[in-house]
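Observations on the three-dimensional arrangement
The primary structure of each chain is shown beneath.
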Amino acid sequence: MTTSTAAKYGTARRAVTVRVNGRHVTREVSTRTTLADFLRDELDLVSVHVGCEHGECGCCTVLFDGLSVRSCLMLAVQADGHAVETVESLSANPAELHPIQEAFAEEQGLQCGFCTPAMLLRTKEIIDAGREMTDAEVRHEISGILCRCTGYQNIVNAVQSAGAKLRGPTAGGRD
Amino acid sequence: MTYTYIGKDRRRIEDPRLLVGRGGYIADLRLPGMLHAAILRSPVPHAWIRSIDATEALKLPGVVAVFTGEDCKEKINPCMSFGPATITQYPMAVDKVRYVGEAVAAVVAESRYLAEDGVDLLEVDYEELPPVTDPMAAMEPDCVLLHEEHGSNIGYERTFEFGDVNAAFAGADLIVEDTLRWGRSAGMPMETTGAVAQPGFNGVLEIYCNSLNFSYFVFLIAATLRIPSNKLTLKPVPAGGSFGSKLAAHKVPALAGFLALQVGRPVSYIEDRIDHLMNSDHHGCDRTYEARMGFRADGTIVGLDIDVVDDYGAYMQFGVGHHGNAFSQVVGPYRFRDVKYRLRAVVTNKCQQGAYRGFGSEVHNWVLERLVDQGATRLGLAPEEIRRRNFIQPDQFPYKIPGGNLYDSGDYPAVLDKALSMIDLDSWRAEKKRLREEEGRHIGIGLATTQERSVFSATEFWFLVEKPAFPLTSSPESATVTIDPTGQFQLLLHCQSMWGNSPETVGATVLAEEFGIPPESVNVRYADSAHALPGTGPGGSRYTAMVAGAIRGASRKLQKKLLHIAAHRLELAPEDLELVDARVQVRGAPETGLTIAELAGTAYFFALSLPEGMTSGLEESYTYDHPYTTPPAPDGSDLGVFYPIMGHACHIAVLEVDPDTGMPSFLDYVAVHDAGTIVNPRSLGGHVTGGATQGIGTTLYEELAYDEDGQFQSLTFRDYLIPTASEAPVFRIGHVQTPSPFTEYGIKGGGEGGRMVAPAAVSAAIDDALREYGMRVRRLPVKPATIVATVQAGRAAEG
Ligand code: FES
Ligand code: FES
């Protein structure tokens, strides 16, 4: 290896300001730091779970300006000036769960919990979109996040029950 | 028997922390001064390592040290192994690499990023050897050897015969035979395996790891690290799923421990997904069967003849325990008595096998059910009918099967009837016909059963081997129950068990049942290995049954103490008192009594009010040994009772196959399981849906593939396809409960059955959908291309 080492492994640093769970944070980061590692290592938001680091498992999903993204595929510097939400934005207090978390507890939409923060955030996004969905549509909408434990059935039930609660009682929707 | 808490759907105690993202996984752990390791993995399947040059890597700022297999050879001992003594391995390859992905060197650095930079800068010189990838070719006498010391690529070979298969087949009206191929898949949890090791107080090495069974094998890791076992503490860390892949995952903690000892600082080693896919040490079974089954004309099965070649990969850490599991339920739920089983376990240049939900018995069940289905088709019997005619009957239990294992209890006709009651097969069959004729669609119905062995005895680790080196017989589980001075309950579990099952909820529920307290009020903790009583940990669907026995044992000791304190205070005999709803009261006069809180205060603070000779405090432990096991016969004629707590399941899958794309899609799926007494039906339901979805993955999508040159083809989740929510069917679940006569509360294991039966049910459904084209699923995964090719060949043959 030659002088290119420094270039290849260079650690240029840059300040980023990100609104995370409603609060502005400014940190100096290496330009190659992924958003997932930034959230986990710099901000201690270890709810962002890294399952593959190649954009396939979806466990690292966060909301980026309200839309779900895979934080392992983004760099922290790309988040400069943007808003990021992790599962702590729902509730970080096990004794006071958000209705979506509550629905997952009630329907047992989790086992090991590793995909769970991603599933919860994706559920929030689906519900925020405001449209009622059939179970098949919910399955399609969450199919970007892998869960190895549940077989998804209880997750679908949890998404639907959270949606019904948060949208208020309306007819139909399930298939 | 009805219980207050057992058997009710219950929210899990584990969930609130998981729902706020505080699962406490291994990657979340940060210790002061912690370094990070990254591993250089072999790009070639088989080669001598000529040299490793770390000069450039060591120049990189932030890189602290580089270690190789040479360092391992010098400073530590080989890894624990239940396989042949002549097949040894270290946490990193010594002298030779034997598969793509084997660890060659470790870089320890200030961050994971820097450690990976360092890996990029290592230079290795390999002298390549011919790759051995085909297990049949591996057995040829002139084939290049993986392990020169072993002298052959056959790790293990033996033929077992129970009964007389030739005689049985001589009386058969039909003998079906097939070549059946089960491809490699793996548990593939969303969280990989990892460990953080730190040199601690008094020269103790502490290793945090998400591997399980730690108190069972801590002394073996200490032996690898050449430290006294009392100077090694394994700290339990919750696992983000395992499904077998973290069962005794010994290499990861051994490697982290080795690195931490060398650099004298905490070191974290967490597999990334690529590490895990190519080197998890827990690839699933990879088998080719020549199998035959004999039938009489009425469908009665008369015998089974199996010749199986199992491609174990480069090492054999668990010996051939996978086949011990097959022997635990070798006849399935059927009555036939004659079995022949030839096993050849072969080493090749692939990642070694470990455990995956079913641990070898799921493959055997698929083979059994494939043969039964073929027999049914050839004899013109419906799949439910041929099974019904062969079931062991409810009045035959306990039932000793060929080979020696015992089935404790069961009601297989009831499980089948329950499944049939949940789905109208007649109308599905009519609909299938109508859709084929009127719309040209292809619907298939598959029905399959499985035995679900649970609660293994340690004898199965060695009983297949002629001269076992370490014929252990213990596989206990322990619990400690503490009532604190205010009457609150603590439950200490002595093994790491958070695999996605719910040990805390199960434990709290059993404890609640024992004392009449709310389950939610129990606090549950895990002991580290320095404090742990004997425990074997989860695996083989044993934990719920075993820990319930341990908790009940500890509870009985505590209940006795409470009764004696109360008797002393009330000046009555203990026999006059009873414990009801967290209160000791007088039999027949329940208004007189003392609450547990009142008794706890006495136990801790009023020694002079205790009965003579009693000491202060309220804490009891209990170690529950296997409830029913017998030793194998020395000559191998009987393997003994080793897996007697036997569950059962029946799945019925209805699916449609698009003959032009090969795409299957589910129309209905019924799953009925009998896991004895159920502690939490909703949790068990989650295991059924999760397990069956994994079984569907094994059947249709997942493959850890190697090409013929030994290159690994499944490096990402783009190649290794785990079912998403869109592929998983909607399951309809039913339960039957036949309590075990041998376990406390009659609990049986229930963690694996879903994956053990789904492959057989789905294979049968695909056959049924495309029978007109001669479709017979003989190789898993059955990919769309195979289906399309079969359909096209069938159509061409029709002209
Ligand atoms: S970790 Fe980001 S998609 Fe898997
Ligand atoms: S709950 Fe374990 S991966 Fe989803």
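Residues numbered from 1 in each chain as written. Chains lettered and ligands numbered in written order. Predicted model: local features only at pLDDT ≥ 70, side-chain atom pairs only at ≥ 80, totals over all residues. Heavy atoms only, no water.

1. Observations regarding the overall build of chain B
Put simply, the test is: Working definition: helices are DSSP H or I runs of at least four residues, strands are E runs of at least two. Numbering for both runs from the N terminus. Restricting the calculation to C-alpha atoms gives the radius of gyration, and the globule rule supplies 2.2 Å times the number of residues raised to the power 0.38. Throughout, exposure labels follow a simple rule: accessible area from a 1.4 Å probe, protein chains only, divided by the maximum for the residue type, with under 20% read as buried, over 50% as exposed, and the rest as partly exposed. Here, two residues are considered to be in contact whenever any of their heavy atoms come within 4.5 Å of each other.
A count of helices and strands for chain B gives 20 helices and 29 strands. A compact globule built from 799 residues should have a C-alpha radius of gyration of about 28 Å, and chain B, at 28 Å, falls within 12% of that. The C-alpha extent of chain B, read off along each of the three principal axes, is 95 × 70 × 55 Å. In chain B, which comprises 799 residues, the proportion classed as buried is 66%. Excluding contacts between residues fewer than 6 apart, the proportion of contacts in chain B whose partners are at least 24 apart in sequence is 80%.

2. Examining the packing of helix 11 (residues 361–379) of chain B against helix 19 (residues 753–769) of chain B
Residues and elements named next belong to chain B. For clarity, the threshold we go by: Interaxial angles span 0 to 180 degrees and are taken between N-to-C directions of axes, which are lines fitted to C-alpha atoms, for helices over the stretch in contact. Should an angle fall under 35 degrees it is taken as roughly parallel, and over 145 as roughly antiparallel, whereas 65 to 115 is taken as roughly perpendicular and any remaining angle as oblique. The hand of a helix crossing depends on one turn: near helix anticlockwise from the far one by less than a right angle means left-handed, and clockwise means right-handed. Each residue gets one label: Ala, Val, Leu, Ile, Met, Phe, Trp, Tyr, Cys and Pro are nonpolar, Asp, Glu, Lys and Arg are charged, and the others, such as Gly, are polar.
Packing of helix 11 against helix 19 brings their axes to within 8 Å, and their N-to-C directions diverge by 30°. Judged by the angle between their axes, helix 11 and helix 19 are roughly parallel. Here the hand of the crossing between helix 11 and helix 19 comes out right-handed. From helix 11, Ser 361, Glu 362, Asn 365, Trp 366, Glu 369, Arg 370 and Asp 373 reach across to helix 19, where they touch Arg 755, Met 756, Val 757, Pro 759, Ala 760, Ser 763, Ala 764 and Asp 767. Residues of the contact of helix 11 with helix 19, tallied by class, amount to six nonpolar, three polar and six charged.

3. Structural notes on the confidence of the model for chain A
How we decide: Here pLDDT means the predictor's own confidence in every residue, given as a number from 0 to 100.
Mean pLDDT for chain A: 92, with 90% of residues reaching 70 or above. Counting contacts from residues 171–175 of chain A, a segment whose pLDDT is below 50, to residues more than four positions away or on other chains yields 14 contacts.

4. A word on the packing of helix 3 (residues 99–107) of chain A against helix 6 (residues 153–167) of chain A
Residue and element names in this part refer to chain A. Closest axis-to-axis distance for the helix 3/helix 6 pair is 8 Å, and the angle between their directions is 140°. In terms of orientation, helix 3 lies oblique with respect to helix 6. Note on packing geometry: the crossing formed by helix 3 with helix 6 is right-handed. On the side of helix 3, the interface is formed by Pro 99, Ile 100, Glu 102, Ala 103, Phe 104 and Glu 107, while helix 6 contributes Asn 154, Ile 155, Asn 157, Ala 158, Val 159, Ser 161, Ala 162, Lys 165 and Leu 166. In terms of residue class, the contact of helix 3 with helix 6 is built from nine nonpolar, three polar and three charged.

5. Concerning the interface of chain B and chain A
Size of an interface, as often reported, equals the accessible area lost when the parts are brought together. Stated precisely, the cut-off is as follows: A 1.4 Å probe defines the accessible area here, and the buried area is the portion of it lost by two parts on being joined, summed over both. Throughout this description, the term salt bridge denotes a Lys or Arg side-chain nitrogen within 4 Å of a carboxyl oxygen of Asp or Glu. Polar contacts here mean pairs of N or O atoms no more than 3.5 Å apart (in protein, one a potential hydrogen donor and the other a potential acceptor; neighbouring residues in sequence count only if both atoms are side-chain atoms).
With 60 residues of chain B at the interface, the matching set in chain A holds 55 residues. Carbon and sulfur atoms make up 53% of the surface buried where chain B meets chain A, a total of about 4800 Å² over both sides. When residues of chain B are sorted by the area they lose upon contact with chain A, Leu19(B), Tyr113(B) and Met190(B) head the list and together hold 16% of the total. For the interface between chain B and chain A, the tally reads nine salt bridges. Linking Arg11(B) and Glu102(A) is a salt bridge whose minimum nitrogen-to-oxygen distance equals 2.4 Å. Where chain B touches chain A, the interface holds 32 residue pairs in polar contact (both at pLDDT 80 or more). Elements represented by at least two residues in the side of chain B that touches chain A include exactly helix 1 (15–19), helix 4 (112–120) and helix 18 (681–700) of chain B. Partitioned by chemical class, the residues of the side of chain B that touches chain A number 27 nonpolar, 16 polar and 17 charged.

6. Description of the domain arrangement of chain B
Residue and element names in this part refer to chain B. Keep this limit in mind: Marked domain ranges trace back to an automatic or database domain assignment.
Segmentation of chain B into domains returns domain 1 (31–129 + 194–241 + 248–279), domain 2 (362–458 + 642–798) and domain 3 (476–624). Listed per partner, the contact involves 19 residues of domain 2 and 22 residues of domain 3. Here domain 2 and domain 3 share an interface that buries about 1400 Å² over both sides, 62% of which is from carbon and sulfur atoms. Linking domain 2 to domain 3 there are one salt bridge. Here domain 2 is connected to domain 3 by five residue pairs in polar contact (both at pLDDT 80 or more). With three residues, the single largest contributor to the side of domain 2 that touches domain 3 is strand 18 (residues 443–454). Here the side of domain 2 that touches domain 3 is composed, by residue class, of seven nonpolar, eight polar and four charged.

7. A short note on the pairing of strand 3 (residues 63–68) of chain B
All names here are of chain B. Where we set the bar: Note on pairing: DSSP must find at least two bridges between two strands before they are called paired.
With five of six residues buried, strand 3 is to be regarded as a mostly interior element. Direction of pairing for strand 3 relative to strand 5 (residues 103–109): antiparallel, over a ladder of five bridges. Paired with Ala 65 across the strands is Val 108, a residue of strand 5.

8. Focus on unusual backbone geometry
With glycine set apart, most residues show a phi of negative sign, and most peptide bonds adopt trans. With omega at -10°, the peptide bond leading from Phe397(B) into Pro398(B) counts as cis. With respect to the helices and strands, the residue Pro398(B) is situated in the loop between helix 12 (383–390) and strand 16 (399–400). Residue Pro781(B) is bonded to the preceding Leu780(B) through a cis peptide linkage, with omega at -5°. Mapped onto the elements, Pro781(B) comes out in the loop between strand 29 (779–780) and helix 20 (784–798). Despite not being glycine, Asn21(A) has its phi angle at roughly 50°, a positive value. Along the chain, Asn21(A) turns up in the loop between strand 1 (13–20) and strand 2 (23–30). In this structure, Ala248(B) takes a positive phi of about 45° despite not being glycine. Mapping Ala248(B) onto the fold places it in the loop between strand 11 (232–236) and helix 8 (251–263).

9. Describing the sheet that holds strand 23 (residues 583–586) of chain B
Residues and elements named next belong to chain B. The antiparallel open sheet is built from three strands, whose spatial order is 22-23-24. The sheet terminates laterally at strand 22 (577–580) and strand 24 (589–595), the two strands that pair on one side only. Going from strand to strand, the sheet's axes swing by 35° on average, the running direction of each strand aside. Note that strand 22 and strand 23 share four bridges and pair antiparallel. Bridge pairing in strand 23 places Val 580 opposite Arg 583.

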